[in-house]
Amino acid sequence: MSETLTFDTMPPPAPGAADFLALDFANSAIALPGGHFIDLLDTPEATNRWLTDHGLAPADAGVQEMCAAQLRSLREHLRALFAARVAGLPAPPAALSAVNDALSGAPTAALLRWDEKTGPYRATPCPTDQILARALATLAANTADLLTGPDADRLTGCGSAPCNRYLLRHGRRHWCSTRCGDRARAARAYAKRAQPKAD
């Protein structure tokens, strides 16, 4: 069940999302208590807004459903890689393939250009038909950087059910937000009170 976004239902970015766009991307599908769900990529318009807000596409990119579906698919592959890393399991081959395909799908070389007034400069070409390829490649590269870098050991899933977000752990904190931490502590307190007392 998808939910309309409001200030009250949208959690703040998870710890680490400001440093790794891939975390924010993986967390763009959010499970909430009561069986509610928020998907920030559920429509082409929402996908275009997410890409624009993260500097990956212009506001008038005109994202179509096929592009939104490709981004949602990559998101699931990234989540599978994160889940494997957190659990200490081998990476799913399909997820690795999807990330590598995205990495190689966009040109990355900055070409030499010449401006009559300012002279030479370098710019990476990005014609309109390559906006999606460039966004996918950027997200895949950021995922690879996270999973192969020093922060990979801090990657964890939120410890408050039903939350499905990932974060970079700071100290002993295992929750993506204060709200999730409060919910986990309340559940533990309730479980403790509900245990039968020993005579």
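Look up a bit, the structure's there.
Conventions used here
Residues numbered from 1 in each chain as written. Predicted model: local features only at pLDDT ≥ 70, side-chain atom pairs only at ≥ 80, totals over all residues. Heavy atoms only, no water. Axes fitted to C-alpha atoms, helices over the stretch in contact; angles between N-to-C directions. Helix = DSSP H or I, 4+ residues; strand = E, 2+ residues; numbered from the N terminus. Parallel < 35°, antiparallel > 145°, perpendicular 65-115°, else oblique. Left-handed = near helix turned anticlockwise from the far one by under 90°. Contact = heavy atoms within 4.5 Å. Nonpolar A, V, L, I, M, F, W, Y, C, P; charged D, E, K, R; others polar. Phe/Tyr/Trp six-rings, centres within 6.5 Å; stacked < 30°, edge-to-face > 60°. Buried < 20%, exposed > 50% of the residue type's maximum accessible area, 1.4 Å probe, protein only. Pairing = 2+ DSSP bridges. Salt bridge = Lys/Arg side-chain N within 4 Å of Asp/Glu carboxyl O. Core = buried A, V, L, I, M, F, W, Y, C linked by side-chain atoms within 4.5 Å.

Draft legend 1. How the structure looks around the packing of helix α4 (residues 93-103) against helix α5 (residues 131-148). Put simply, α4 and α5 touch, their axes get as near as 7 Å, and they point 125° apart. In terms of orientation, α4 lies oblique with respect to α5. Seen from above, α4 lies across α5 with left-handed handedness. Residues Val99, Ala102 and Leu103 of α4 lie in contact with α5, whose contacting residues are Ala133, Leu136, Ala137, Ala140 and Ala141. Of the residues belonging to the contact of α4 with α5, the class tally is 8 nonpolar, no polar and no charged.

Draft legend 2. Spatial organisation of the packing of aromatic side chains. Counted according to the given criterion, the structure contains 2 aromatic pairs. Note on Phe82 and Tyr166: the rings are 5.5 Å apart at their centroids and 70° apart in plane angle, and the pair reads as edge-to-face. One end of the pair, Phe82, is in helix α3 (residues 65-87); the other, Tyr166, is in strand β6 (residues 166-168), with 84 residues separating them in the sequence. Residue Phe82 is classed as buried on the basis of its relative accessible area of 0%. Taking relative accessible area as the criterion, Tyr166 reaches 9% and is therefore assigned buried.

Draft legend 3. Geometry of unusual backbone geometry. In this structure, the amide linkage connecting Ala161 to the following residue, Pro162, adopts the cis form with an omega of 5°. Note on placement: Pro162 falls in the loop between β5 (155-157) and β6.

Draft legend 4. Structural detail: the pairing of strand β2 (residues 36-39). Sheet topology note: the strand β1 (residues 29-32)/β2 ladder contains 4 bridges and is antiparallel. Within β2, the position partnered with Ile30 by the bridge is Ile38. The hairpin turn running from β1 into β2, its antiparallel successor, is 3 residues long, and Gly34 in that turn takes a positive phi close to 80°.

Draft legend 5. Main features of the pattern of salt bridges. Taken as a whole, this structure holds 5 salt bridges when the rule is applied. Glu76 is the salt-bridge partner of Arg75, the closest N and O atoms lying 3.4 Å from each other.

Draft legend 6. A look at the nonpolar core. Counting residues in each nonpolar core, the largest one holds 27 residues, and the members touching the most others are Phe25, Trp50, Leu51, Leu56, Leu71, Leu74 and Leu139. Listed by contribution, the elements that provide at least two residues to this core are α1 (21-26), β1, α2 (44-53), α3, α4 and α5. Leaving out residues up to four positions away in the same chain, Leu71 has contacts with Phe25, Leu41, Thr47, Leu51, Leu132, Leu136 and Leu139. Within the second largest apolar cluster, 10 residues are counted, among which are Leu23, Phe82, Leu155 and Leu168.

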